[in-house]
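# Examining the three-dimensional arrangement
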Amino acid sequence: MKKRPLIIFCFLLLAVGSVMLSALCRGAIPLSLHDLWLLLTGNGPAGLRLVVVEWRLPRVLIAVFCGAALGISGAIFQSILRNPLGSPDVLGLNAGAFSGVLAVMLLWPSNLFAMTLASLVSAALTGAIIYLLAWRQGITPYRLILIGIGIRALLMSFNGWVMTSTSLSTAMSAGLWSAGSLNGVNWQSVNLVFPAVVIALLGVAMLAKRMRLMEMGDDLACALGIRTERTRLGLLFLATLLTAVPTAVIGPVSFVALVAPQIARRLANSPSGVLWNTALCGSLLLLVADYLAQHAFLPYQLPVGVITVSVGGIYLLSLLVREARRS
Amino acid sequence: MVSLLNGAKTISLSESWSSLSLWHTCHSENCDIIRYSRLPRTLAGLVAGCALGLAGALMQSLTRNPLADPGLLGVNSGASFVTVVGLSFWGTLSFWQSFSLAFLGALLAAVVVAITGAGRGGRLNPIRLTLAGVSLAAILEGLTSGISLLNPDIYDHLRFWQTGSLDVRQLTIFTLLGPVVAIATLCTLTLSRSLNAISMGEDLARTLGTRVGLVQLCGLLLIALLSACATALTGPIAFIGLVAPHLARGLLGSDHRYFLPGTVLITPAVLLLADIIGRSIAPGEIRVSIITALIGAPVLIILVRHRIGRGMS
Amino acid sequence: MSLSSSRLAARDVTLAYDNKTVAEQLSVTIPDGEFTVIIGPNACGKSTLLKALSRVIKPVAGQVILDGQAIHQLPAKEVARQLGLLPQNSHTPAGITVADLVGRGRYPHQSLFGGWRLEDSQAVAEAMAATHIDHLADRPVEQLSGGQRQRVWIAMVLAQQTPLLLLDEPTTWLDITHQIELMELLRELNQRHGRTLVVVLHELNQACRYASHLIAMREGAIIAEGRPSEIITAELIEQVYGLKAVIIADPIAGTPMIVPVGK
């Protein structure tokens, strides 16, 4: 890795670590670092251990893994769609997940497991449908975007119809889910998220070099010996997975996938090592957003999706204003 | 016309006509239905359709992007946000209050996005415009979510408003909106020749004597005004601003002098048709935005699959 | 033309683009060790043929043969080690430096987990020296002029170190000095290093001056092929381009030089 991205990597690693620690220490029951160490190594009162190990620790871990997964997913979509606005949200994957959740809410209300499963399945299904519809002797980025926009509109109209036809309480529960939240996350969620995300990230690491080369154009990549359609299919599959799993567990947290790759690239100012930094950026964003959502607006506990969207939007806008002034 | 006649209760043609012409004297129940439910609905379809279609056509011409939609300027999120803020301060809102708030929010959002997208010197950068619209929409949506999820009544109002519908029950609003939209339409039509020039490229247009910066500025303001009018009236209606201009262009060619007036006619027709379908296929109403998406999306997908290769790849 | 060996050939290929047939039953043999240039009017199928020869496009019928085997049956990386292609339009990734971009050409020689080796660095250094861009190594490619950027792409294909090199209109964007420089470089690669070159060129006189083997195409068919001095005649130019011209001898190289008659 080149020098500057490496520095950024270390910096981000430190940042992630410190936010993790503060998230673990802060809360209704504040702890000092020493207390935290005691609890983690197995000593200390059982009640406190419950708070830290059963509640706070899984929450922090989920934020790290899901943030990394979403960031990488966004990076893959932006690379394949060759568009800085590429994100799973634009293509309608989140809308698809929401449709699944809405369907389950109507049929089996308050079944959390069914909702999680439905979100996972419908997001994956949406991805598959978009891919198949966009296939015509191959995939071009433009076709993917267009079909994605169409599918997204269809799904949103379905969602809109359900939202206006059900009771207010159902609609609000659905609305809360769709804002994204890390409340209620436990070790079960970690057991689901961790292996899926780690395996998917390994897959991405193997395909990363090919993904970079494909950015230069399909013809050139083909001439360099890359099987473009196969690589693209693999990457899209992994990207869909890396979005569907976090969405199933914490709801659609928009903007991490869009913004994390952009931040990582601008910080490092070079395309080498970007994927590592993107993962860390995503983790950091989600950690900070969750921290703010929990502690910054007391006594209200906001859904984390609200924070990421606002923060992400502000960041993008400031970038644009700066760009506008420069040009 | 068909929109006027159609509905949950059948009313004959002559009765409808008499209820319209004998405005002040007719007081039967049927007259009321025509006057206060069907007529405003039809007028809303006409006004919103015209406004959205023109805004969409303008947007596509100015950004030279066939995918542009007036919603890109953030009008929907602007309107939602200001409405939600208003609701949290004042509890319930009268029709006029909520309309003005929505209009204000939509207009402000569009103006902010337009300024950011235009950059220094007024050179319009389509990518920057789109990104600005997306980011402003995101911020406002986040804030709107935050406020509305804390208050069930507001959320209830919001979830209906966010799926656009022609269910307008006020007639007086049209005495204001009608002229405004008509004037805006006329202004847009006068831009036709300049838009023809711009569609060939900004530099080329300049050499042909078009004042590109001025046209872009006026165009953006008109888009903001038209989409604010439409969104404040009906709520966000999906796809119509995107697809209707393409229809008009397909039928009437790319000359703005012909297809802009065509858009003015076609978009309301499509919108009213969608509304009629929405009212006919289910008891109660399926809001028009749902229908437009249900029709528009498959059309877009079919178009993409079969017309690709003609300069779209 | 002496009978030379040929590693790369197309046999009775039919090429199509978006349901439009560009060439039918086309056969072409690329002679080894020669500097082959393909010329022809716009949309005659030159680029399509080049892409078919380099495995980017699959022929609707017929086969492209590399070393006696159908090119589509061979593993992709294996082909990429023998054959390098510089397409017409390539996209520059944001923020990439010159050295990085040239380095990407080494991909076919690198294994899945292999890192950067000494031979990779050497190949990159040689390629950058040959195209005279070594002083630009750490600059972002986006900041370079059109001509400099084109030389970076050419360096990338050179770094691939393939015995066969296919280039699609590499002289666009280059001013006349750099055009000649590039053509001289290509000639050196061909004569000194023995690389087989297939280049699609727009500039007719440059083609005649540097090519050792010329292929003239029109509407998806080969009208003539052979040494420029042997096949270039006024009749051929009129047949291929529909242009009336006078053929004289280039005062420096002695190769055919086409001078259009005009109105």
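Cut-offs applied
- Residues numbered from 1 in each chain as written.
- Chains lettered and ligands numbered in written order.
- Predicted model: local features only at pLDDT ≥ 70, side-chain atom pairs only at ≥ 80, totals over all residues.
- Helix = DSSP H or I, 4+ residues; strand = E, 2+ residues; numbered from the N terminus.
- Buried ≥ 20, exposed ≤ 12 C-beta atoms within 10 Å, placed from the backbone.
- Contact = placed C-beta atoms within 7 Å.
- Rg over C-alpha atoms; globule rule 2.2 N^0.38 Å.
- Axes fitted to C-alpha atoms, helices over the stretch in contact; angles between N-to-C directions.
- Parallel < 35°, antiparallel > 145°, perpendicular 65-115°, else oblique.
- Nonpolar A, V, L, I, M, F, W, Y, C, P; charged D, E, K, R; others polar.
- Pairing = 2+ DSSP bridges.
- Left-handed = near helix turned anticlockwise from the far one by under 90°.
- Expected span 1.5 Å × (residues − 1).
- pLDDT = per-residue confidence, 0-100.
- Core = buried A, V, L, I, M, F, W, Y, C linked by C-beta atoms within 7 Å.

## Structural notes on the overall build of chain B
The helix and strand tally for chain B stands at 14 helices and 0 strands. Within chain B, the proportion of its 313 residues that are buried is 53%. Of all intrachain contacts in chain B linking residues separated by at least 6 positions in sequence, the fraction that spans at least 24 positions is 74%.

## Things to note about the overall build of chain C
Counting its secondary structure elements, chain C contains 9 helices and 12 strands. Over its C-alpha trace chain C gives a radius of gyration of 19 Å, about what one expects of a compact globule, namely 18 Å for 263 residues. Dimensions of chain C along its principal axes, counting C-alpha atoms only, are 55 × 40 × 35 Å. For chain C, the residues scored as buried account for 42% of the 263 residues in total. Relative to all contacts within chain C whose residues are 6 or more apart in sequence, the contacts with residues 24 or more apart total 65%.

## Regarding the packing of helix α3 (residues 46-81) of chain A against helix α11 (residues 256-268) of chain A
Residue and element names in this part refer to chain A. Direction vectors running N to C along α3 and α11 enclose 75°, while the axes themselves pass 7 Å from each other. In this view, α3 runs roughly perpendicular relative to α11, as classed from their interaxial angle. Along its contact with α3, which presents Gly67, Leu70, Gly71, Ser73, Gly74, Ala75 and Gln78, the element α11 presents Val256, Ala257, Leu258, Ala260 and Pro261. Across the contact of α3 with α11, the residue classes tally to 7 nonpolar, 5 polar and no charged.

## Re the interface of chain B and chain A
Facing 41 residues of chain B, the contacting portion of chain A comprises 42 residues. Secondary-structure elements contributing two or more residues to the side of chain B that touches chain A are α6 (126-149), α7 (152-161) and α14 (288-307) of chain B. Take the side of chain B that touches chain A: its biggest share by element is 14 residues, from α6(B).

## Some details on the pairing of strand β1 (residues 8-17) of chain C
Residue and element names in this part refer to chain C. As judged from the 7 bridges shared by β1 and strand β2 (residues 20-30), these two strands associate in the antiparallel manner. Looking at β2, one finds that Ala16 is bridged to Thr21. Here β1 folds back onto β2, and the loop between the two strands holds 2 residues, one of which, Asp18, carries a positive phi near 55°. Judged from the 5 bridges that link them, β1 and strand β4 (residues 61-66) form a sheet pairing that is antiparallel. Across the sheet, the residue bridging to Ala9 is Ile65, located in β4.

## A short note on the packing of α3(A) against helix α12 (residues 274-295) of chain A
Residue and element names in this part refer to chain A. Interhelical geometry of α3 versus α12 gives an angle of 130° and a closest axis separation of 7 Å. Comparing the axis directions of α3 and α12 gives the class oblique. Between α3 and α12 lies a crossing whose hand is right-handed. Here Ala63, Val64, Cys66, Gly67, Ala68, Leu70, Gly71, Ile72 and Ala75 of α3 lie close against α12, whose contacting residues are Leu275, Thr278, Ala279, Cys281, Gly282, Ser283, Leu285, Leu286, Leu287 and Asp290. Across the contact of α3 with α12, the residue classes break down as 13 nonpolar, 5 polar and 1 charged.

## With respect to helix α12 (residues 240-252) of chain B
Residue and element names in this part refer to chain B. Taking 1.5 Å of rise per residue, the 13 residues of α12 would be expected to cover 18 Å, and the 18 Å separating its terminal C-alpha atoms lies within 8% of that figure. Of the residues making up α12, those classed as buried are Ile240, Gly241, Leu242, Val243, Ala244, Pro245, Ala248 and Arg249. Two residues or fewer past α12, Gly253 is found with a positive phi of approximately 90°.

## Regarding the confidence of the model for chain C
Summary statistics for chain C give a mean pLDDT of 87 and a share of 97% for residues scoring 70 or more. Here the predicted complex carries an ipTM of 0.78, next to a pTM of 0.80.

## Some words on the environment of C:Gln179
Residue and element names in this part refer to chain C. Relative to the helices and strands, Gln179 is located in helix α6 (residues 176-191). Considering only alpha carbons, one finds Gln179 and Ile231, 52 residues apart in sequence, at a separation of 24 Å. Sequence-distant contacts of Gln179, that is, excluding residues within four places in its chain, are made with Thr171, Leu174 and Gln206.

## With respect to the nonpolar core
When a protein is soluble and globular, its nonpolar side chains tend to lie buried together. In this structure, A:Val245, B:Ala51, B:Ala110, B:Leu226, B:Cys229 and C:Val102 are the most contacted members of the largest nonpolar core, which totals 275 residues. Ignoring anything within four residues of it in the chain, the contact list for C:Val102 reads C:Val124, C:Ala127, C:Met128, C:Val152, C:Ala155, C:Met156 and C:Ala159. Residues B:Leu191, B:Leu195, B:Val212 and B:Val215 belong to the second largest nonpolar core, which totals 5 residues.

## Focus on helix α4 (residues 75-90) of chain B
Residue and element names in this part refer to chain B. Under the 1.5 Å per step criterion, the end-to-end length of α4 is 22 Å for 16 residues, consistent within 8% with the ideal 22 Å. With 12 of its 16 residues buried, α4 lies for the most part within the structure. Among the residues of α4, Val75, Asn76, Ser77, Gly78, Ala79, Ser80, Phe81, Val82, Thr83, Val84, Gly86 and Leu87 are the ones counted as buried. Positioned one or two residues after α4, Gly91 has a phi angle of 70°, which is positive.

## Looking at the sheet that holds β2(C)
All names here are of chain C. The antiparallel open sheet is built from 4 strands, whose spatial order is β2-β1-β4-β5. Strands with a single pairing partner mark the edges of an open sheet, and in this sheet they are β2 and β5 (69-70). Of the strands in this sheet, β1, β2 and β4 touch helix α1 (residues 46-53), which is tilted by about 120° from β1.

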